[in-house]
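Below are the chains, spelled out letter by letter.
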Amino acid sequence: HGQVFKMASELWYGGNIQSAIAAARASAALLVVFIEDHTDDSEEAQEKLRTAKADGSLPANVLLLKLVKGSTEAAQFAQIYPVSDTPAACIIDASNGTRLDTLVGHATLYTAQKLRALAAKGAGEEAAKSQAEKYAELQARLAAKRAEKADIEEKERREKEVARREQGQAILEARRQREDEQARQRLADIERERREAAAHKAAVQRQIELDKRERAAARGAASAPAASPAPTPAPAAAAASASADGKARLAFRLPDGSTVKMEFDEGVAFGAVRAALEQNHPSTAGATLRVNYPSRTLGPADDAATLAELQLQRAQIVVVAAAVATRASSSSGAPAKSWLAWLMSFSLVSFLLSLPPLSWFFAPKANPGPQRPAAATGTSAQSSNTARDAAARRRIARLADLNSNDDEDRPSYNGNSTEYRK
């Protein structure tokens, strides 16, 4: 190890036992205490050590200390590290004071070989220790790298999580804004439809009032021909019901119950509206279109008229299928026919009831009773003939008054054709 020891000669250390231990401990060297006894083995062993020292076969990290048998230092050393015989070579690890091996007698001749073996073993242990330390260092570095990588991954994961949450919040905010905008649009549409419905209702009410005034004026004109006729309010009503933006908004109620809303210009012909409805909804082909209020049916004759002329700026049109429309028309015509038949029957019965009984025309002549002598019954017979003549005249007068227009003088019945009342 390049350590310079205080040497008494080229082989042995020149200090005492305490300084030798301190020097060996400071240089991490093996301490070899050789106890000589002036025998041949002792001399030969020392010679072999010198030869090994000279040729370099003796390990460099070895400190040799020679003690003489019977000396005070030898006795003190023997108290700590007893030996069984001399000469003796005691090999000690100075770092911890452990005795590694002891060679006595003839075995001291192999002290150099033993030192080389211990040095090789120590080098191997040192190499193994160095490799273990290197492996531990590598493991520590690897653990540090893994920890650093884990920290980086955790940091990236947190950044990604923060970005994901921010993106989710942005999406939720955009969705809320879109829903709020849709809600505001729906409220605006509802408010607009409410205003349009109110305007249409007001226009219809004004039209109804104008119709009432027109009818009242017509009745007044009929009762007083000299009075001037009232002006026609149709253009004003049409103008009142017209849309401010020139658009006609129609709502079609389909046979399946669904509602379809369509918007057209007021100048579009109704035939184009019908064609657009049939094109978008083929199931309505050939269907009948009806307006609820005022109730009317829009037929082929109305196709040439514009929506403004038909006053359909704001209207709800019911689409009736062809078969349903046929049944509806047939069922609507049946009450009219029934009403007409009832009216004719009532008129016929009233006419028959207004006629006098047939017995008036085919009544038998009154029985004059038994004939009495003229002398005795002259006065009574004359009065009887006078009564019959008066009754006959009354019947003739009544028959003549049947064609009179005076309802108070016309004969009537009580309803069972058995009692005649004048």
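Above this note sits the structure.
Anyway, here's the lowdown on the structure attached to this text. (Residues numbered from 1 in each chain as written. Predicted model: local features only at pLDDT ≥ 70, side-chain atom pairs only at ≥ 80, totals over all residues. Heavy atoms only, no water.)

### Quick look at the overall build of the protein chain
Across its full length, the protein chain holds 9 helices and 11 strands. Evaluated residue by residue, the protein chain yields a buried proportion of 23% over its 422 residues. Counted over contacts in the protein chain with a minimum sequence separation of 6, partners at least 24 positions apart contribute 61%. Only carbon and sulfur atoms are counted for the fraction: they give 55% of the accessible area of the protein chain, which is about 28500 Å². (Helix = DSSP H or I, 4+ residues; strand = E, 2+ residues; numbered from the N terminus. Buried < 20%, exposed > 50% of the residue type's maximum accessible area, 1.4 Å probe, protein only. Contact = heavy atoms within 4.5 Å. Areas by Shrake-Rupley, 256 points an atom, 1.4 Å probe, with all protein chains shown as cover.)

### Focus on the sheet that holds strand β4 (residues 98–104)
With respect to topology, 4 strands assemble into an open sheet ordered β2-β1-β3-β4, the strand pairing being mixed. A single partner strand is all that each edge strand has here, and the edge strands are β2 (62–68) and β4. For this sheet, the mean angle separating the axes of adjacent strands, direction not counted, is 20°. In terms of strand pairing, strand β1 (residues 30–36) meets β2 through 7 bridges, oriented parallel. Among the inter-strand pairings, Glu36 is bridged to a residue of β2, identified as Val68. Docked against the sheet, helix α2 (residues 40–55) engages β1 and β2, running at close to 145° with respect to β1. (Pairing = 2+ DSSP bridges. Axes fitted to C-alpha atoms, helices over the stretch in contact; angles between N-to-C directions.)

### Some thoughts on the pattern of salt bridges
Oppositely charged side chains can pair when the atoms bearing their charge come close. Tallied over the entire structure, the rule returns 19 salt bridges. Here Arg157 and Glu154 are joined by a salt bridge, their closest N and O atoms 2.5 Å apart. Of this pair, Arg157 and Glu154 both sit in helix α4 (residues 111–223), 3 residues apart, roughly one helical turn. Under the relative-accessibility criterion, Arg157 is labelled partly exposed at 46%. What emerges from the salt-bridge pattern is a single network uniting Asp189, Arg192, Glu196, Arg249 and Glu263. (Salt bridge = Lys/Arg side-chain N within 4 Å of Asp/Glu carboxyl O.)

### Comments concerning the environment of Ile91
Tracing the backbone shows Ile91 in strand β3 (residues 88–93). Note: C-alpha distance between Ile91 and Asp101 (10 residues apart in sequence) is 5.3 Å.

### Topic: the nonpolar core
Generally speaking, a soluble globular protein has its nonpolar side chains buried in company with each other. Ranked by size, the top nonpolar core spans 22 residues in total, and within it Leu250, Phe252, Phe270, Leu307, Leu312 and Ile317 carry the most contacts. The residues touching Leu250, leaving out its near neighbours within four places in the chain, are Val260, Lys261, Met262, Phe264, Val273, Leu307, Leu312, Ala315 and Ile317. Judged by nonpolar contacts, the second largest core, of 18 residues, contains Val32, Leu64, Leu109 and Ala112. (Core = buried A, V, L, I, M, F, W, Y, C linked by side-chain atoms within 4.5 Å.)

### So, the side chain of Asp37
In this fold, Asp37 is placed in the loop between β1 and α2. Salt bridges are absent for the buried Asp37, whose nearest opposite-charge side chain, Lys69, sits at 5.2 Å. One polar contact links Asp37 to Thr86, side chain to side chain, over a distance of 3.1 Å. (Lys, Arg positive; Asp, Glu negative; His and termini not counted. Polar contact = N/O pair within 3.5 Å; in protein donor to acceptor, adjacent residues only side chain to side chain.)

### Here's the deal with the packing of aromatic side chains
If you walk through the whole model with that rule in mind, you get 2 aromatic pairs. Where Trp12 meets Phe34, the ring centres are 5.8 Å apart and the plane angle is 35°; that geometry is what we call tilted. Pair noted here: Trp12 is in the segment before α1 (17–27) and Phe34 is in strand β1, with a separation of 22 residues, a long-range link. A relative accessible area of 5% means that Trp12 is categorised as buried. Residue Phe34 is classed as buried on the basis of its relative accessible area of 1%. (Phe/Tyr/Trp six-rings, centres within 6.5 Å; stacked < 30°, edge-to-face > 60°.)

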